[in-house]
Amino acid sequence: MPTTFDRSWKLPAALIAGMLAGAAAGWLAGGHVATGFALVAAVEIVFLVTRIRHQAQLMMAQDPTQTSLKHDRFMTRSRRIASSLRDLRSAAGSLPDAVVLLDNEQHVRWFNHAAEDLLGLRRPQDRGAHLDERLSTTELATWLKEGAREPLNDVAAPGHPNRHINVTLLPFGRRQRLLLARDISHLTRLEQIRRDFVANVSHELRTPLTVIHGYLELLDPEDVPELAPVLNEMRAQSKRMGQIVEDLLTLSRLETQEHVQDERVQMTPLLATIRKEAEALSQGRHQITVESTAEADLLGSVKDLHSAFSNLVSNAVRYTPTGGRISIRWRRTSEGAVYSVTDTGYGIPASHLARLTERFYRVSSSRSRESGGTGLGLSIVKHVLNLHQARLDIQSEPGQGSTFSCWFSSERLLAPGVSDPD
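The rules behind each value
- All residue numbers refer to position in the chain's written sequence, counted from 1.
- It should be noted that, the model being predicted, local features are given only for residues of pLDDT at least 70 and side-chain atom pairs only at 80 or more, the latter also being counted only at that level, while totals for whole chains, interfaces and linings use all residues.
- Side-chain descriptors were evaluated using all non-hydrogen atoms of the structure, hydrogens and water having been removed beforehand.
- Helix and strand definitions follow DSSP, with helices as H or I runs of at least four residues and strands as E runs of at least two, each counted in order from the N terminus.
- Accessibility here uses a 1.4 Å probe with only protein chains present; expressed as a share of the type maximum, an area under 20% marks a residue as buried, one over 50% as exposed, and anything in between as partly exposed.
- Two residues qualify as a contact provided that any one of their heavy atoms is within 4.5 Å of a heavy atom in the partner residue.
- Here the accessible surface of atoms and residues is derived via Shrake-Rupley with a 1.4 Å probe, and residues count as covered only by protein chains that are part of the display.
- What makes a salt bridge here is a side-chain nitrogen of Lys or Arg within 4 Å of a carboxyl oxygen of Asp or Glu, nothing more.
- Identification of polar contacts relies on pairs of N or O atoms within 3.5 Å, with a donor-acceptor requirement for protein atoms, meaning one able to donate a hydrogen and the other able to accept it, and with residues adjacent in sequence counted only if both atoms are side-chain atoms.
- Centres within 6.5 Å are what make two rings of Phe, Tyr or Trp a pair, Trp counting through its six-membered ring; a difference in plane orientation under 30 degrees is then read as stacked, over 60 as edge-to-face, and the rest as tilted.

**Let's talk about the overall build of the protein chain**
- Secondary structure assignment for the protein chain yields 14 helices and 13 strands.
- In the protein chain, which comprises 422 residues, the proportion classed as buried is 40%.
- For the protein chain, the share of sequence-separated contacts (at least 6 apart) that also reach a separation of at least 24 residues comes to 60%.
- Total accessible area on the protein chain is roughly 24,300 Å²; 54% of this is exposed by carbon and sulfur atoms.

What follows is the structure, encoded as C-alpha cells:
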C-alpha cells in the first residue's frame, strides 16, 4: 500500500515541478513568469493526452482474461491524469497573458480566457477558425500573414482598441504554434506620463535659464577679477544646462513623431557644413578628413539628419585626445549607403556598447562632463535614424578608437541633380 501511494504521487509531483521550473526559467529570461508557466503547462497537457491514448491502446491489445485488474489500474490512472489535465487547463486558462494554441495552418485549437478579452476570440465559434481571418481588420493579421518571425510590439489589442499588447508566436509540439499576447497598457501609460513630464519640465526650464544666462553675460569678469573663475564656471554650466534642455525637447519631439517630412538632403553641402562645425569645435587639435564616394543624396529631414550627423562628429571631437584623427565618410554599400565617423579616441569597452543610446548613459561621467556632453546625443541619433528606417552600428576597441555608422537602405537614396520627389 505505501508503495502504491508513493507511486500515485510521482506524476502530479513531476507535473508541479515542471511548472515551477518553467516559471523560474521565464523569470530568468526577463521576468516572464506567466509565459514560462504557460509553455510548460501546454507541454504537460499534450503529454497527458498522449499517455492516456497510449495506455488505452495497450489495454485493447491484451487478453481479456488479464484485463480486469489492469482495467481498474488504468481507470485509476486515467482519473488521476484527467484531474491533472483539468488543473493544468484551469491554470493556463487563468493566466493574465493571452495564450492561443494553433495548428500548422494557423487554425485555432484552444485559447484561454485572456485571449477572449485581449484578442476578441469567442467560444465555441472561434475554435477551428483561421486566426488571421478572424483578426482580418487588425495589425495582427498582417503580421501573421508575413510569417510572424519577430515579436510584434506595442499594437492595439483587437478585443480592446484602447489597450496595447506585445505578441509573440512560438513553435510548439508537432507542427503546432503557440501565440502569446501580453497586455502592456500600463507600461504605455507610464511611458506617456514620462514623455509629458520631460517635455513640460524642459519647456518650463527654458525661460529661467535664458534669463540667468543673459544676466551672467552682462557681468564682465574684468570688473571683478576675484570672481572671474566663478563667473566663467557659472557661464559654462548655464550654457550646458541650456543645451540639456534643448536636447530633451528635441528628444520629446522625436519620440512623438511617427514619420518625417521627406525632402532632398544634399549630402555634399551637408558634409561641408559638418566639417566646418567639427573644425570650429576642435580648434586645430585634431586632423579631420571627409571622404564622399556615394554620389547620392538622402530622402528625409534636413534638420534631423544634420542634428544626428553632427552629434556623432562632436562626440568624436570631444572624446579624441589632441593630435588624434577623425574621419567622416559617406559611401555606397550593397544595401544602400552608410555615413560613418571614425576616431582614434579612448574607445569604449564592449560591456557598454549595448547601452550607449540610452539617455544620460555615460561610459565615464567625469570625462563626459569635462567635455561638455549632455549624455543625450546618441539617443537623439537613434531616434532620428528610426524615423528614417535606418540603423546605428557601433564598433569600438578601448585605446584604439571607435566607428559610428548610420546605415541607410536604397529606398532612402536619391541621385544627385535629380528633381525632388513629390
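**Quick look at the pattern of salt bridges**
- Per the stated rule, a full pass over the model turns up 13 salt bridges.
- For Glu 358, the salt bridge identified is with Arg 355, shortest N-O distance 3.0 Å.
- Within this structure, Asp 117, Arg 163 and Asp 183 form a network of salt bridges that share partners.

**A few points about the side chain of Thr 320**
- With respect to the helices and strands, the residue Thr 320 is situated in the loop between helix H11 (302-318) and strand E9 (325-332).
- Since its relative accessible area comes to 3%, Thr 320 is described here as buried.
- At 2.5 Å, the side chain of Thr 320 and the backbone oxygen of Ala 316 are in polar contact.
- Those residues in contact with Thr 320, other than ones at most four positions away along the chain, are Arg 285, His 286, Arg 325, Ile 326, Asp 343, Thr 344 and Gly 345.

**Some words on the environment of Arg 195**
- Residue placement: Arg 195 occurs in helix H8 (residues 185-218).
- Classification of Arg 195 as partly exposed rests on a relative accessible area of 24%.
- Sequence separation between Arg 195 and Thr 256 is 61 residues, and the spatial gap between their C-alpha atoms is 8.6 Å.
- Setting aside residues up to four positions removed in sequence, Arg 195 forms contacts with Ser 252 and Glu 255.

**Overview of the packing of aromatic side chains**
- All told, the structure shown has three aromatic pairs when counted by the stated rule.
- Geometrically, the ring pair formed by Phe 309 and Tyr 339 is stacked, given 3.9 Å between the ring centres and 20° between the ring planes. Of the two residues, Phe 309 is situated in helix H11 and Tyr 339 in strand E10 (residues 336-343); the sequence distance between them amounts to 30 residues. Here Phe 309 and Tyr 339 have matching classes, each one buried.

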